[in-house]
Amino acid sequence: MVAETGSGSKWRLVLSVFLLFMLILQSGHCQKEEEEAKTVVGRKPKTTKTNPGQRPGKSSRSGTPKPRVKAPTPPASHTYLTQVVNKGKFQKVEDTLSVRAGDTLELRCKGSAVQWGLPPYLEEDDEGRVRTGQHERYGTLTLANSTGADTGEYTCFPMYCEDTQCRKEYDKAVKVFIFFPDPQELFVPSADYYEIVQLRTNRPTVLPCQVTSPEAKVTLHREFPPAEVAVDGTEISFSVKRGFTIHRPRPHHAGGLYCVASLGNLRQSSTKYMLIYVNYPMAPPTPVIQASSSSVGQGENLQVVCTVLGEQDVLIDFSWEYPGQQIGRPLYTQDSVRPVEGGAARQQAQSVLLVDEVRDVDQGTYTCTAQNLEGSKSASTTVKVLTTPRAKAKPKPKKP
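To start, this report covers the structure provided alongside it. Note that the structure is a prediction, hence the values are computed from the model and not measured. (Residues numbered from 1 in each chain as written. Predicted model: local features only at pLDDT ≥ 70, side-chain atom pairs only at ≥ 80, totals over all residues. Heavy atoms only, no water.)

Things to note about the overall build of the protein chain
For step 1, the next point in the chain: Along the backbone of the protein chain there are two helices and 27 strands.
For step 2, the next point in the chain: The burial tally for the protein chain puts 32% of its 400 residues in the buried class.
For step 3, the next point in the chain: Taking as baseline every contact in the protein chain between residues at least 6 positions apart, the subset at least 24 positions apart corresponds to 66%.
For step 4, the next point in the chain: Split by element, the accessible area of the protein chain, about 28200 Å² in all, is 52% carbon and sulfur. (Helix = DSSP H or I, 4+ residues; strand = E, 2+ residues; numbered from the N terminus. Buried < 20%, exposed > 50% of the residue type's maximum accessible area, 1.4 Å probe, protein only. Contact = heavy atoms within 4.5 Å. Areas by Shrake-Rupley, 256 points an atom, 1.4 Å probe, with all protein chains shown as cover.)

Set out below in structure tokens:
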């Protein structure tokens, strides 16, 4: 009996250990499944990375996490123009485009918000021939009953908007020059028979002999004496978009000029251009001002001199502001111009403000403003009036 009792206790102990072992295995298996489920549904479990030479199980000395690298922002799509050729058929637009006069022009410009720039003739259109629209991904421009006068530059401006404020993005604008060939009109019509053009010495001059067809041959002519003007591409050049450009205007370019266009059997003359030569300065004048004395006694005379050194044959206008203006003291000035000797063609223009018998009201700031065709600049000086006239030096007695 004792042996049987000991044997039964032994087996009961083994069975208890086995059941406990199975319970632990089942618990671990459930925990693993729970972790795997969390891994699939939520974030990935963190893994500890060790640096080269670092012992496993040891954390890095630096506790600062590495910054996340942001994914690069995809580049913005470029704005471009397409022409609606037929219903459902489009053609990408290049730098220039020709549309027969009388046809309808329809352009599309990619962008969620765009504005259009038109030739000056169409900017004042009141016939309703121009229509613009905006869709989700592009803007449209439609020109009906086109004519040769519609020839010019058409521009699509993408708009940048914040809240309700929008502005044109000029650096992303797309331009196309469109010709509207007219079998009866080789030049873009003009309401003026004569057009006055200034030949400025400081910038190129353009004669806009604009043709309606890029196929037309254009030449430049002088009215008196009648002659064709040579176009060498350096002194004078021609562009089918702009016309003739005089790159460095000179006095001999002045006079009456006009353009002649020919295409097939058709030959026509343009508006006449009256070119007037103007010697424009390179920059506004820089005046220098100086008073005969910074302090002057009552009853004495005062002179304030304003001088400009600049290019020859450039007109300088002087104007003054002085304390005596407040009581209506009249302005007396002496202006003069004289050439400056030297290699360069220079001149000195001068204006002298005269104040006779100085009084208390003449004390203050004197300002001279010099102006030419490029702009104006000013210079100032301050004069103090003494309450008593300065003592004059006595002449030394002559030696016997």
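More follows now that the structure is in view.
A look at the layout of surface pockets
For step 1, the next point in the chain: When its volume is computed, the second largest pocket comes out at roughly 670 Å³.
For step 2, the next point in the chain: Taken together, 25 residues line the second largest pocket, and the ones lying closest to its centre are Thr151, Val188, Pro189, Pro208 and Gln210.
For step 3, the next point in the chain: Of all the secondary-structure elements, those providing two or more residues to the lining of the second largest pocket are α2 (120–123), β8 (152–162) and β18 (266–269).
For step 4, the next point in the chain: For the lining of the second largest pocket, a count of residues per class yields twelve nonpolar, eight polar and five charged. (1 Å grid on protein atoms, 1.4 Å probe; cavity = no way out; pocket = protein on both sides within 12 Å on 5 of 7 lines; lining within 4 Å. Points joined across faces, edges and corners; volume = space filled by probe spheres on them. Nonpolar A, V, L, I, M, F, W, Y, C, P; charged D, E, K, R; others polar.)

Regarding a nonpolar patch on the surface
For step 1, the next point in the chain: A surface patch of nonpolar side chains, about 520 Å² in accessible area, is lined by Tyr193, Tyr194, Ile196, Met274 and Ile276.
For step 2, the next point in the chain: Every element with two or more residues in the nonpolar patch is listed here: β11 (194–200) and β19 (272–278).
For step 3, the next point in the chain: Tracing the backbone shows tyrosine 193 in the loop between β10 (174–179) and β11.
For step 4, the next point in the chain: When its relative accessible area of 58% is taken as the criterion, tyrosine 193 is described as exposed. (Patch = residues over 30% accessible without salt bridge, like charges linked within 9 Å, V, L, I, M, F, W, Y side chains within 5 Å. Salt bridge = Lys/Arg side-chain N within 4 Å of Asp/Glu carboxyl O.)

Points about the sheet that holds strand β26 (residues 364–372)
For step 1, the next point in the chain: Pairing is mixed across the open sheet formed by four strands, whose spatial order is β21-β27-β26-β23. Both outer strands of the open sheet, β21 (295–297) and β23 (317–321), are each paired with one neighbouring strand and no more. On average, each strand axis in the sheet is tilted by 30° relative to the strand beside it, whichever way the strands run.
For step 2, the next point in the chain: Note: β23 against β26, five bridges, orientation antiparallel. Across the sheet, the residue bridging to tryptophan 320 is cysteine 368, located in β26. (Pairing = 2+ DSSP bridges. Axes fitted to C-alpha atoms, helices over the stretch in contact; angles between N-to-C directions.)

With respect to the pattern of salt bridges
For step 1, the next point in the chain: As enumerated under the stated definition, the model contains five salt bridges in all.
For step 2, the next point in the chain: We note a salt bridge from arginine 129 to aspartate 150, for which the minimum N-O separation is 3.0 Å. Taken together, the residues arginine 129 in the loop between α2 and β6 (130–134) and aspartate 150 in the loop between β7 (138–143) and β8 connect sequence positions 21 residues apart.
For step 3, the next point in the chain: For lysine 172, the salt bridge is made with glutamate 169, and the minimal N-O distance between the two is 3.5 Å.

Some words on the side chain of threonine 369
For step 1, the next point in the chain: The residue threonine 369 is located in strand β26 in this model.
For step 2, the next point in the chain: Its relative accessible area of 19% is what places threonine 369 among the buried residues.
For step 3, the next point in the chain: Side chain to side chain, threonine 369 and serine 378 meet in a polar contact 2.7 Å long.
For step 4, the next point in the chain: If we ignore the near neighbours within four places in the chain, the residues touching threonine 369 are Asp317, Phe318, Ser319, Ser376, Lys377 and Ser378. (Polar contact = N/O pair within 3.5 Å; in protein donor to acceptor, adjacent residues only side chain to side chain.)

A few points about the nonpolar core
For step 1, the next point in the chain: By size, the foremost hydrophobic cluster in this structure holds 22 residues, and its most contacted members are Leu302, Val304, Ile316, Phe318, Trp320, Leu353 and Tyr366.
For step 2, the next point in the chain: Discounting chain neighbours no more than four positions away, the residues touching isoleucine 316 are Pro285, Val308, Ala349, Ala370, Gln371 and Asn372. (Core = buried A, V, L, I, M, F, W, Y, C linked by side-chain atoms within 4.5 Å.)

Some thoughts on the state of the cysteines
Disulfide: a covalent bond formed between the sulfur atoms of two cysteine residues.
For step 1, the next point in the chain: Per the stated rule, a full pass over the model turns up four disulfides.
For step 2, the next point in the chain: Each sulfur of the disulfide joining cysteine 109 and cysteine 156 lies 1.9 Å from the other. Every disulfide takes its handedness from the sign of the S-S torsion; for cysteine 109 and cysteine 156 that torsion is -85°, giving left-handed. Of this pair, cysteine 109 sits in strand β4 (residues 105–110) while cysteine 156 sits in strand β8, and the two are 47 residues apart along the sequence. Comparing cysteine 109 with cysteine 156, the two get one shared label, buried.
For step 3, the next point in the chain: There is a disulfide in this structure between cysteine 161 and cysteine 166, and the S-S distance comes to 2.0 Å. Note on the cysteine 161 and cysteine 166 pair: the S-S dihedral is about 110°, so by sign convention the disulfide is right-handed.
For step 4, the next point in the chain: For cysteine 161, a relative accessible area of 36% corresponds to the partly exposed category. (Disulfide = S-S within 2.5 Å.)

A short note on the environment of arginine 359
For step 1, the next point in the chain: Mapping arginine 359 onto the fold places it in the loop between β25 (346–355) and β26.
For step 2, the next point in the chain: Distance from arginine 359 to glutamate 300, taken between C-alpha atoms, is 8.5 Å for residues 59 residues apart in sequence.
For step 3, the next point in the chain: Apart from the residues lying within four places of it in its own chain, the contact partners of arginine 359 are Ile327, Arg329 and Val385.

Details of the packing of aromatic side chains
For step 1, the next point in the chain: Inspection of the entire model under this criterion finds four aromatic pairs.
For step 2, the next point in the chain: On the numbers, 5.4 Å between centres and 70° between planes, the contact of phenylalanine 157 with tyrosine 170 is edge-to-face. You can see phenylalanine 157 sitting in strand β8 and its partner tyrosine 170 sitting in the loop between β9 (165–168) and β10, a full 13 residues away along the chain.
For step 3, the next point in the chain: Overall, phenylalanine 157 belongs to the buried group, its relative accessible area being 10%.
For step 4, the next point in the chain: Relative to tyrosine 194, the ring of tyrosine 193 has its centre 5.3 Å away and its plane inclined at 75°; by these criteria the two rings are edge-to-face.
For step 5, the next point in the chain: On the basis of relative accessibility, which here comes to 38%, the residue tyrosine 194 falls in the partly exposed class.
For step 6, the next point in the chain: Geometry around phenylalanine 157 places lysine 168 over its ring, the cationic atom sitting 4.6 Å from the centre.
For step 7, the next point in the chain: Above the ring of tyrosine 258, the side-chain terminus of lysine 272 is found at 5.6 Å from the ring centroid. (Phe/Tyr/Trp six-rings, centres within 6.5 Å; stacked < 30°, edge-to-face > 60°. Lys NZ or Arg CZ within 6 Å of the ring centre and 35° of its normal.)

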